[in-house]
Each structure stands twice: as structure tokens, then as C-alpha cells.
Amino acid sequence: MDEILKQAIIAAGQEHLLRFIDNLSAGELAQFTEELAAIDWAQIPALSAEYVLKRPDIAIPADLAPAEFFPLKPADAAMQKLYCDADAKGVELLKNGKVCCLTVAGGQGTRLGFDGPKGTYPIGPVSDLSLFGYFAGSIARTSEKYGSQIDWYIMTSPINRAATEAFFREKNFFGLPQDSVFFFTQGTMPAFGTDGKLLMSSKNSLALSPDGHGGTLLALRKSGALDKMLAKGVEYISYFQVDNPLVPVADPRFIGLSALENAEMSAIMLSKTNSREKLGNFCVSGGRTMIIEYSDLPDELAEKRNADGSLAFVAGSPAIHVLSVGFVEKLTSGGTLRLPWHRADKKIACLDENGELFTPSEPNGVKLESFIFDALPLAAKVMILEGDRAEVFAPTKNATGVDSAESCRVMITERNARRLQAAGVEIPLTSEGKVDAVIQLAPERVLDEADAAELVKITGLKKILAGQVVAL
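Report on the accompanying structure. Predicted model only: the values in this text are computed from it and were never measured.

About the criteria used
Residues numbered from 1 in each chain as written. Predicted model: local features only at pLDDT ≥ 70, side-chain atom pairs only at ≥ 80, totals over all residues. Heavy atoms only, no water. Helix = DSSP H or I, 4+ residues; strand = E, 2+ residues; numbered from the N terminus. Rg over C-alpha atoms; globule rule 2.2 N^0.38 Å. Buried < 20%, exposed > 50% of the residue type's maximum accessible area, 1.4 Å probe, protein only. Contact = heavy atoms within 4.5 Å. Areas by Shrake-Rupley, 256 points an atom, 1.4 Å probe, with all protein chains shown as cover. Pairing = 2+ DSSP bridges. Phe/Tyr/Trp six-rings, centres within 6.5 Å; stacked < 30°, edge-to-face > 60°. Lys NZ or Arg CZ within 6 Å of the ring centre and 35° of its normal. Axes fitted to C-alpha atoms, helices over the stretch in contact; angles between N-to-C directions. Parallel < 35°, antiparallel > 145°, perpendicular 65-115°, else oblique. Salt bridge = Lys/Arg side-chain N within 4 Å of Asp/Glu carboxyl O. Core = buried A, V, L, I, M, F, W, Y, C linked by side-chain atoms within 4.5 Å.

### Here's the deal with the overall build of the chain
Point 1. Along the chain, the regular secondary structure elements total 14 helices and 22 strands.
Point 2. For the chain, the C-alpha radius of gyration of 24 Å lies close to 23 Å, the compact-globule estimate for 472 residues.
Point 3. With the principal axes as the frame, the chain shows a C-alpha extent of 75 × 55 × 50 Å.
Point 4. Across the 472 residues that make up the chain, the buried fraction comes to 50%.
Point 5. Taking all contacts inside the chain whose residues are at least 6 apart in sequence as the whole, residues at least 24 apart take part in 74%.
Point 6. Total accessible area on the chain is roughly 21200 Å²; 51% of this is exposed by carbon and sulfur atoms.

Below is the structure:
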């Protein structure tokens with residue numbers, strides 16, 4: 001191992017990492033050296049002091065105010081015209097190949113009781129169509145609708161990259177051109193013990209974990225994905241997370257309004273259902289847009305009301321964004337990106353002092369993650385557009401209950417039912433007004449109400465019976 005690297009590790013107060021190197025094989029030592037060389041040792045002491053040895057203070061700016069946003073429905077004639085212009089601009093950008101999709105898919109399906117990458121989880125109400133399958137179908141239909149193939153960038157993690165690519169090969173890329181799908185891997189961060197010392201998962205490896213979805217931006221640069229976008233003339237990235245199959249993969253109004261407003265980063269907001277809903281809050285301070293997490297917003301602000309009784313801090317984030325490629329290029333120039341870190345106390349399997357693997361029953365360490373929303377204050381201009389929750393947001397985080405696979409399938413059925421009903425199909429309802437059927441519409445055929453109307457015209461569907469299971 002290079003002496004300069006050794007000295008950097010020692011200077012960072014992490015000399016314990018070197019205690020097994022004399023017993024490693026040449027191959028093991030080479031692997032460990034490569035891993036250690038990738039660490040920015042100069043920042044480790046500061047990270048330990050700021051995020052591990054003490055809990056970071058969440059400073060709430062004194063001038064914090066709710067962020068402004070464009071409402072779901074235009075407020076007046078001028079806004080109506082702006083929305084029409086945005087629709088046209090978004091369609092123009094899609095037709096001219098100026099938009100790509102980006103899915104953050106580094107997680108596993110552990111909370112769903114599923115062994116595999118979360119994107120491979122079967123979420124279809126009728127079939128086993130996966131989360132990836134929903135996005136692929138929507139991208140295919142969007143590409144067909146606007147006459148331009150949309151490239152799809154998928155950020156994986158070191159633990160699920162191989163399995164994700166194998167799944168796409170097994171599914172023949174869901175019919176998408178293989179060269180339109182680009183996989184890349186997010187970065188990693190070493191885990192800390194509560195004493196500020198880095199943990200080891202084996203004698204020749206650190207305990208590493210993904211660096212959070214904030215690492216997406218730098219990973220785009222390092223993987224060559226950003227260069228590919230620039231070479232193809234892509235100007236806007238439609239960003240969404242893997243657990244939301246209702247997301248509009250490339251919404252013309254959202255994209256077009258971002259362009260017309262010259263926004264470097266845009267976001268969809270949802271009106272919160274209550275003051276403590278678990279969504280980050282869009283706020284503004286010093287002229288900069290930011291997100292304050294629901295757990296960090298003081299009660300007096302969370303409960304603050306407008307004159308009409310509505311929540312003042314009503315705008316919640318479902319993590320749906322549009323970013324300009326130029327903004328990502330600017331933030332990652334020089335191959336670095338500095339976003340604040342967020343602390344998570346975790347149970348981390350690691351080596352004990354005797355070099356034996358130890359699996360804790362209680363949190364024993366700290367993982368640091370960066371979040372994509374922390375790029376918002378760095379943008380010269382931010383645009384926020386209200387979304388219709390029932391149309392765009394059905395997170396799949398748990399197996400049952402709130403924000404679950406169970407609730408997501410119900411929401412898919414309900415959205416499909418609304419689209420069919422708008423096309424004249426009679427939909428059965430329970431006495432509580434819920435859809436009394438299970439309905440799945442193929443995303444590669446139905447992107448919106450217009451597509452649903454065309455499907456109804458082709459199939460001649462008039463009525464769905466109570467309790468019927470329908471797949472179209």
C-alpha cells in the first residue's frame with residue numbers, strides 16, 4: 001500500500017483500518033487499497049466531528065416562509081394562457097428529443113418483504129407487472145406519442161446493479177431499444193461507529209453504504225451519463241423515484257413550465273393532508289428555495305394557518321423533479337459536489353476489535369446520506385407546480401397499510417377507473433363509493449385520458465361488472 005495513502009489515513013485518525021493489512025493476500029490488499037484510495041481522507045475528521053460525535057443542529061432560518069407555487073388549476077386567464085404555452089413548449093421539447101428520464105432505483109425491497117431490487121417488485125393489480133415495467137411502458141408510450149425515443153437513465157447501487165441489469169435482460173428491456181436504457185451506480189460512503197471511527201465489514205473492506213439520492217448528480221458525471229446527455233442534445237431531466245408507479249414519467253406541462261420559467265430545478269408539490277404528513281416542506285429563506293423535513297419543522301410553523309384556515313406550509317414534496325442538464329453540469333464541474341449530509345443511526349454489521357464479524361441488535365453506527373432536494377438552494381431559479389395526488393403519487397414503501405403495495409394497487413385501479421369512466425365506461429362502486437373491481441391498463445397503451453378513450457373505442461368496452469378483474 002502506498003505510504004502517502006497510509007499517512008492520509010493515519011492523519012484522519014483512522015489508523016485502526018490498517019491493522020490487518022499484513023495478513024492480506026495480494027489480491028485482497030489491492031482491493032482494499034482501491035477502496036481506501038477512493039475516500040476523501042481530508043474531510044473524514046470534519047464529518048466525524050460534525051455528524052457523528054455530536055448530533056447536527058437543525059437551524060431553522062428566522063425568515064423561513066412557505067414557498068410559492070403554481071396551482072394545479074390556473075387562477076386566472078393569464079395563468080391559463082401560461083399553462084397552454086407550457087403544454088406546447090413541453091410537447092416541443094419532447095418531440096425534439098430534449099428530455100430524458102431518470103429513475104433513482106438503488107434500494108432493495110426489504111420493507112416489502114421482497115428479496116430483490118425494489119424496481120423488480122410486482123405491483124400490477126392484476127398481473128405481476130413490476131415497478132420498472134410500469135415506467136418502461138409509460139416511457140414507451142410517451143416516446144410513441146411524441147415521435148422521439150426518450151432515453152432512460154437508471155441509478156442503481158453496488159448491491160443491486162447486477163440483479164437490476166439481469167432483470168432487464170430477462171424482460172428483453174420491456175420492448176425498449178436496449179441502447180436507450182443506461183444503468184449507472186451511485187457512490188458510496190463509509191459508515192462510522194458512534195466513536196467516530198470508520199467501521200469495517202471484513203479485514204479488507206470498509207462498511208460502505210449508498211451515499212443517498214443526492215449522490216445522483218455526481219454519479220451522472222462520473223458514469224459518463226451526463227456526457228451522453230450532452231452529446232445527444234438533451235436539455236431536461238425528468239427525475240423520479242422507483243417506488244411510485246403513478247408518476248408522470250415526462251409531463252409536458254411540468255417540463256414546459258420549467259423551460260418557460262428558466263428554472264434550473266423544478267419540483268412537483270402536493271397539498272399536505274395534515275400538518276404532520278411525512279412529506280418534506282417547500283420553504284424559502286433569503287430568496288432561496290429549500291426543503292425542511294417534516295420532522296424538523298417547528299410545531300408553530302407546521303400548524304401555522306392562513307386567514308382562510310388553510311395550512312400556511314402546505315406544499316409537500318413527493319420527490320418528483322425536473323433538472324436542467326446545464327444545472328447538473330455546473331454543479332458537478334471539477335468532479336466534485338458538496339451537498340450537506342444527513343445522519344441516520346443504523347444497525348451495521350462490522351468487525352469487532354478481534355477481527356470477528358459482529359451483528360448488532362441495536363443501532364451501533366452512523367450512515368451519512370445526501371438528498372437531491374438539497375440542490376434546490378443552489379439553483380438560480382426554482383419552479384414549483386402543484387400536482388394532483390390521486391393522479392401522480394402512490395408510494396410503495398411497505399407491504400400493507402399506509403404508503404404500501406396494497407394501497408398503491410388500489411390507487412392504480414382507481415386512476416384507471418377514472419380514465420375509463422371519462423371515456424364513458426360504467427364503473428361499479430361500493431356503498432362507500434369505492435371502485436368495486438380490479439382494473440389494470442397497460443401503461444404502454446394508456447398514458448392519459450385520451451389514450452383511455454381510444455382504447456375504449458377500439459375494444460368497445462361499455463361496462464365493468466361488480467367484482468370483475470379487468471386487464472386491458
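The discussion continues.
### What to know about the pairing of strand β13 (residues 288–292)
Point 1. Counting buried positions along β13 gives 4 out of 5 residues, so the element sits mostly inside the fold.
Point 2. Where strand β12 (residues 280–285) and β13 come together, 5 bridges link them in antiparallel fashion. What sits directly across from Val284, in β13, is Thr289.
Point 3. The turn joining β12 and β13, which pair antiparallel and follow one another in sequence, is formed by 2 residues; a positive phi near 60 degrees is taken by Gly286.

### Some points on the packing of aromatic side chains
Point 1. By the definition in use, this model includes 15 aromatic pairs.
Point 2. When the centroid spacing of 6.0 Å and the interplanar angle of 55 degrees are considered together, the rings of Phe167 and Phe174 count as tilted.
Point 3. A residue is classified by how much of its surface remains accessible, and Phe167, at 11% relative accessible area, is buried.
Point 4. Each residue in the set Phe132, Trp152, Phe167, Phe168, Phe173, Phe174 and Phe183 is aromatic and connected to the rest through ring pairs, giving one cluster.
Point 5. A cation sits over an aromatic face here: Lys203 above Phe20, 5.3 Å from the ring centre.

### Let's talk about the sheet that holds strand β16 (residues 342–346)
Point 1. Pairing is antiparallel in the open sheet, where 3 strands are placed in the order β6-β19-β16. The open sheet has two free edges, formed respectively by β6 (192–193) and β16, since each of these has just one partner strand.
Point 2. The sheet contact formed by β16 and strand β19 (residues 365–369) spans 5 bridges and is antiparallel. Bridging across to β19, Asp345 finds its partner in Val366.

### What to know about the packing of helix α4 (residues 77–95) against helix α9 (residues 252–260)
Point 1. The interhelical angle for the contact between α4 and α9, taken along N-to-C directions, is 100 degrees, at an axis separation of 7 Å. Taken together, α4 and α9 sit at an angle that is classed as roughly perpendicular. Contacts from Leu82, Tyr83, Asp85, Ala86, Asp87, Lys89, Gly90, Val91, Leu93 and Leu94 in α4 reach Pro252, Arg253, Ile255, Gly256, Leu257, Ala259 and Leu260 in α9.

### Focus: the pattern of salt bridges
Point 1. Scanning the entire structure with this criterion turns up 19 salt bridges.
Point 2. The residue Asp85 makes a salt bridge to Lys81 at a minimum N-O spacing of 2.8 Å. Within this pair, Asp85 and its partner Lys81 are both found in helix α4, separated by 4 residues, close to a single helical turn.
Point 3. You can call Asp85 partly exposed: its relative accessible area is 34%.
Point 4. Assessed through its relative accessible area of 52%, Lys81 is described here as exposed.

### Quick look at the nonpolar core
Point 1. Core analysis: the biggest nonpolar cluster contains 54 residues, and Trp152 and Phe168 have the highest contact counts within it.
Point 2. Of all the elements, helix α5 (residues 131–146) adds the most residues to this core, at 7 residues.
Point 3. Beyond its immediate sequence surroundings of up to four residues, Phe168 is in contact with Phe132, Trp152, Ile154, Phe173, Phe174, Val181 and Phe183.
Point 4. Leu218, Val328, Ile372 and Ala375 belong to the second largest nonpolar core, which has 41 residues in total.

### Looking at the side chain of Lys118
Point 1. With respect to the helices, strands and loops of the structure, Lys118 is situated in the loop between β2 (99–104) and α5.
Point 2. Once you skip the residues sitting within four places of it in the chain, Lys118 turns out to touch Gly107, Gln108, Gly109, Leu112, Leu131, Val242, Asp243, Thr396 and Lys397.

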